[in-house]
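Examination of the molecular architecture
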There are 2 protein chains.
Amino acid sequence: MKEKFLLKADHNLPPILRTEIRPDVSRQVMKKGDRLLIDLGNHYVGYFSFKLWWDDVYLDAPVRITFRFLETERELADDFSTYSGTLCRSWLQDETVNVLGPGEVRLSRRYAARFVELTVDETPRNAVLSDFCFTAETSADPASLIPCEIRDARVAVIDRVSVNTLKNCMQRVFEDGPKRDRRLWIGDLRLEALTGYYTWNNLALVRRCLYLFAAADRNAAGFLPGYVFEDKMFVSGYWFLRDYSLMYVCTLCDYYAHTEDIDTFTELLPVAKDMLSATKNLLDENGLLPEQRETFVDWCPGLEKRTAFNGIYLYTLDLFIAALKKAGLDTEDYETQLAAGRAAARKHLYNEELHAFVNAYDKEHYSVHSAAWMVLGGVLTGEEARDVLRRVMADPDSVKPFTPYMHHYAVDAMLSCGLRKEAEDYMMKIWGGMIDRGADTFFEAYVPEDPDFSPYNDRMMNSMCHAWSCTPSYFIRKYGFGQN
Amino acid sequence: MKEKFLLKADHNLPPILRTEIRPDVSRQVMKKGDRLLIDLGNHYVGYFSFKLWWDDVYLDAPVRITFRFLETERELADDFSTYSGTLCRSWLQDETVNVLGPGEVRLSRRYAARFVELTVDETPRNAVLSDFCFTAETSADPASLIPCEIRDARVAVIDRVSVNTLKNCMQRVFEDGPKRDRRLWIGDLRLEALTGYYTWNNLALVRRCLYLFAAADRNAAGFLPGYVFEDKMFVSGYWFLRDYSLMYVCTLCDYYAHTEDIDTFTELLPVAKDMLSATKNLLDENGLLPEQRETFVDWCPGLEKRTAFNGIYLYTLDLFIAALKKAGLDTEDYETQLAAGRAAARKHLYNEELHAFVNAYDKEHYSVHSAAWMVLGGVLTGEEARDVLRRVMADPDSVKPFTPYMHHYAVDAMLSCGLRKEAEDYMMKIWGGMIDRGADTFFEAYVPEDPDFSPYNDRMMNSMCHAWSCTPSYFIRKYGFGQN
């Protein structure tokens, strides 16, 4: 099966489209120590090249140049040597090359950048640099981009930046971040695919990613890994995130809902069933998922995730039942599970007195995450859902989302229970806030009260073009935000 | 004419032969900060590659590795960051690469090295390095190497190291040094070609270099540049060395003497005549070359070079006349010049009282260089020559040669006047001294009393495999050193 799935993934490998970005920078005569800053005018993913030539006299020794590729203007002031985060420093995009003789120089590494900073460390005499070119790569085809008229100027900007974010993450797979990680994660995939149906509409890329995960090695409990590698070779990931395994099911259901491609749905249906079955195996005597090990939900430090995880399970069951119905398949067993799960959640996770999802499972933790996922899981509906959501979001002491991944589901939860204005306001606050910070693409993490927050203990490591942050276009285009 | 010469140079471009050197280094499991030293077992010129793989877990971030390529063991202790020489620091062979994902890694720059030192600067987890390979390149064909039996073990070692030095300098052209400069200089060419006739015997490479210089742009006085660039494109050099222009004539005469290729000789004869004519134009009222500007001779600080330059001119005339005679051409004019030049040198440059070339032209400077070149130029002969040479070499206050380039002509001068034992002893002292210092190839500069001497004010910049140092094989094989 693995080989068959990998073959199908290969068949769906999209062509990579290349665009040469030629910044308006004149020929530079540079001596040792000279620095040049190139603004590409937008955020791109790809390869950098330039022409190295001599001025009055031939360059008779190697020219040594150090480059830094920066996703945002703010990073220009960063000193990489002070990096102290938890992830490997080599993700920071700097490079030193030695070039002997004139000619075209093409750096071999792929970068994600709006700015290119270069410093001539060593040169035997004046070096002339010119013909700067950033060859941008993406599998997003402009000919496929679904047009959308947006009246509100600010919403139009948010849509444009969302579309750009998704474009730059669309490569051989839906990458999470083209600067860092550069790999296919299920959680990102689900939101990229979803936004893609309203924007770049690259169905082959979704199929490819679904097949890649279908080929992955599961853990002993039967879950899929959170990510796979596929660039140089196919390698299964070694982090297993149970909520992400469920997001695989959601991605398949979304795909089928949008494409009606019954063949793919049928072929991958066993994988989806396996994920639901593996999750069901975790249920305790109350019919609830009692553990939060191997779940993601969000990057908030200290987040208690059991309630949210239960909500994700119910949300997934709900989507899955709809997909089975659409395919004319039997749903009874799953409907029974969903009803039982909702009842159990209401009974044990919801605090009727407090009108909040504050419970023993989550050590009385009070978070937007719990409420949003319980609403998305259909545990509360209507006014009750609206009331719970409104209050947890307004409470200064509740735990709030840190990543646009969770911001997305908060918006989705609001929309699902009719808080449309609140949803739109929330989108304007979060994604609009990034626009106010000069975003060409949306960031991996955004906490309005703590814009320097990093899951990796150093802002420099954050990915400033991150897949899971591209979803405003989904809301804008599906729900007509800014179009009335 | 330029295009025609360049075309001929192209036609004589030799094939580059590649040999994979696979050092006996096992698979290395390396973590951040780990260092590995690879001994290639000999000095080679070429490209380095290895396989990067993961250990227990896939490498999910770029692995950053810093390399240093070192020509000799002694350089292992060098700290490149303290470099303070006059030439561009980028010649020092270090490199940092960032590699994302497993696979073969091939550094793009060519290196000259016996040792490869690598340090893992950053890695997300254990990295496995293996399959280390140095792909050595040369245009010296082992099938063409002229065999030579040498009885004396030490002389045999000197011969082997000479042959290796020349091999590693033989690339697309006769390079001066494969680590630094990496270009075709006339002075080096002459000695490489000469030694080549007794060793690698690559006649096409000599022709190629002769045609490249024939295509070069001359200065206002009519001299050839000391070097040309031809790797990425043909570019004439901007340093004009008059003695090197004369060495072009010598190289052509040697070539003709060894090959009897009258077509090439005839085609390039006008270039040789131009060089002699340009030199003749410099003669003063005494019939001597009064200036030392734009001459090389040797790297000794403060060297007065007028006498030596006169000797080089006379030596060149002598070789040229022999070549003309061999070709059946008229020599009368050049013989007249030679006789007049020798007489003028004897009269104005030789101090009959001191039995030394101490004169006003050279500010009473006393050097081996003057004496050796005067002897080679035929100004003194027989016992007179032997006496003068012996005394200047024995005098502790005389200026001695600093480079094997000049060491070569000192040996040649001794041989030319019958000081065969002294010549052999001198070779053993100079080149044997380098052997005692662990040479796999002979060095650019070697002063027995000051082995750290650098023409560039920092030993780290010295080229430890330098073309002009390869000539012991010429002496050994032509004169039978160590074979009796």
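Residues numbered from 1 in each chain as written. Chains lettered and ligands numbered in written order. Predicted model: local features only at pLDDT ≥ 70, side-chain atom pairs only at ≥ 80, totals over all residues. Heavy atoms only, no water.

Below, the discussion takes up the relation of the copies chain B and chain A. Laying chain B over chain A is done by rotating through 180° and shifting 0.0 Å along the axis; what remains is an RMSD of 0.0 Å. Both copies are brought into coincidence by an operation consistent with a two-fold rotation axis. Among all C-alpha atoms of chain B, that of Thr96 of chain B lies closest to the rotation axis, at 3.4 Å. In this assembly the copies share their binding face: 100% of the residues contributing to the interface of chain B also contribute to that of chain A. (Least-squares fit on C-alpha atoms with pLDDT ≥ 70 in both. Contact = heavy atoms within 4.5 Å.)

A water-sized probe rolled over the atoms picks out the places where empty space is left. Residues and elements named next belong to chain B. The computed volume of the second largest pocket comes to approximately 480 Å³. In this structure, the second largest pocket is lined by 29 residues; those nearest its centre are Arg190, Tyr315, Leu319, Asp412 and Lys478. Elements represented by at least two residues in the lining of the second largest pocket include exactly helix 3 (186-196), helix 5 (242-259), helix 7 (306-326), helix 9 (368-376), helix 10 (382-394), helix 11 (404-416) and helix 13 (472-479). At six residues, the largest contribution of residues to the lining of the second largest pocket is made by helix 7. The class makeup of the residues in the lining of the second largest pocket is 17 nonpolar, five polar and seven charged. (1 Å grid on protein atoms, 1.4 Å probe; cavity = no way out; pocket = protein on both sides within 12 Å on 5 of 7 lines; lining within 4 Å. Points joined across faces, edges and corners; volume = space filled by probe spheres on them. Helix = DSSP H or I, 4+ residues; strand = E, 2+ residues; numbered from the N terminus. Nonpolar A, V, L, I, M, F, W, Y, C, P; charged D, E, K, R; others polar.)

All right, on to the domain arrangement of chain A then. All names here are of chain A. Domain boundaries assigned for chain A yield domain 1 (20-138) and domain 2 (152-479). Its C-alpha centre places domain 1 at a distance of 37 Å from the equivalent point of domain 2. Contact between domain 1 and domain 2 buries roughly 2400 Å² in total, counting both sides, with carbon and sulfur atoms accounting for 50%. Counting the surface domain 1 buries against domain 2, the share from its top three residues, Arg74, Trp91 and Arg110, is 28%. Linking domain 1 with domain 2 are four salt bridges, by the criterion used here. When the shortest N-O distance is used, the salt bridge between Asp78 and Arg459 registers 2.8 Å. Our count for the contact surface shared by domain 1 and domain 2 stands at 14 residue pairs in polar contact (both at pLDDT 80 or more). Mapped onto the side of domain 1 that touches domain 2, the elements with two or more residues apiece are strand 3 (35-54), strand 7 (111-122) and strand 8 (127-138). Top contributing element to the side of domain 1 that touches domain 2 by residue count: strand 3, with four residues. (Domains from an automatic or database assignment. Buried area = accessible area lost by both parts, 1.4 Å probe. Salt bridge = Lys/Arg side-chain N within 4 Å of Asp/Glu carboxyl O. Polar contact = N/O pair within 3.5 Å; in protein donor to acceptor, adjacent residues only side chain to side chain.)

All right, on to empty space enclosed by the protein then. Enumeration according to the criterion identifies six cavities of 30 Å³ or more in this entry. Estimated volume of the largest cavity: approximately 50 Å³. Forming the boundary of the largest cavity are Pro62 and Leu100 of chain A together with Trp91, Gln93, Arg109, Arg110, Lys179 and Arg182 of chain B.

This paragraph deals with the sheet that holds strand 11 (residues 235-236) of chain B. Residues and elements named next belong to chain B. Here we have three strands laid out as an open sheet, ordered 9-10-11, and antiparallel in their pairing. Two strands lie at the open edges of the sheet, namely strand 9 (184-185) and strand 11, each paired on one side alone. Here two bridges tie strand 9 to strand 10 (residues 227-229), and the two strands are oriented antiparallel to one another. Each bridged residue has a counterpart across the sheet, and for Leu184 the counterpart in strand 10 is Val228. (Pairing = 2+ DSSP bridges.)

In this section: the sheet that holds strand 9 (residues 184-185) of chain A. Strand order in this open sheet of three strands is 9-10-11 (chain A), and the pairing throughout is antiparallel. Of all strands in the sheet, those bounded by a partner on one side alone are strand 9 and strand 11 (235-236) of chain A.

Residue and element names in this part refer to chain B. Tracing the backbone through its elements, the reader meets Phe320 in helix 7. When its relative accessible area of 0% is taken as the criterion, Phe320 is described as buried. Distance from Phe320 to Cys253, taken between C-alpha atoms, is 6.2 Å for residues 67 residues apart in sequence. With near-sequence residues (within four places) excluded, Phe320 lies in contact with Val249, Cys253, Leu269, Ala272, Lys273, Leu276 and Tyr334. (Buried < 20%, exposed > 50% of the residue type's maximum accessible area, 1.4 Å probe, protein only.)

Where the parts come together, the accessible area they lose is often given as the size of the interface. Between chain B and chain A, the residue contacts involve 33 residues of the former and 33 residues of the latter. Together chain B and chain A conceal approximately 2900 Å² of surface at their shared face, both sides included; 60% is due to carbon and sulfur atoms. Our enumeration of links across chain B and chain A arrives at four salt bridges. With its nearest N and O atoms 2.5 Å apart, the salt bridge here joins Asp94 of chain A to Arg64 of chain B.

Residues and elements named next belong to chain B. With phi around 55°, Asp131 is a residue other than glycine that occupies positive phi space. Summarising the element assignment, Asp131 is placed in strand 8 (residues 127-138). Of note in the backbone geometry, Asn457 takes a positive phi value of approximately 70° without being a glycine. By the element assignment, Asn457 lies in the loop between helix 12 (420-436) and helix 13.

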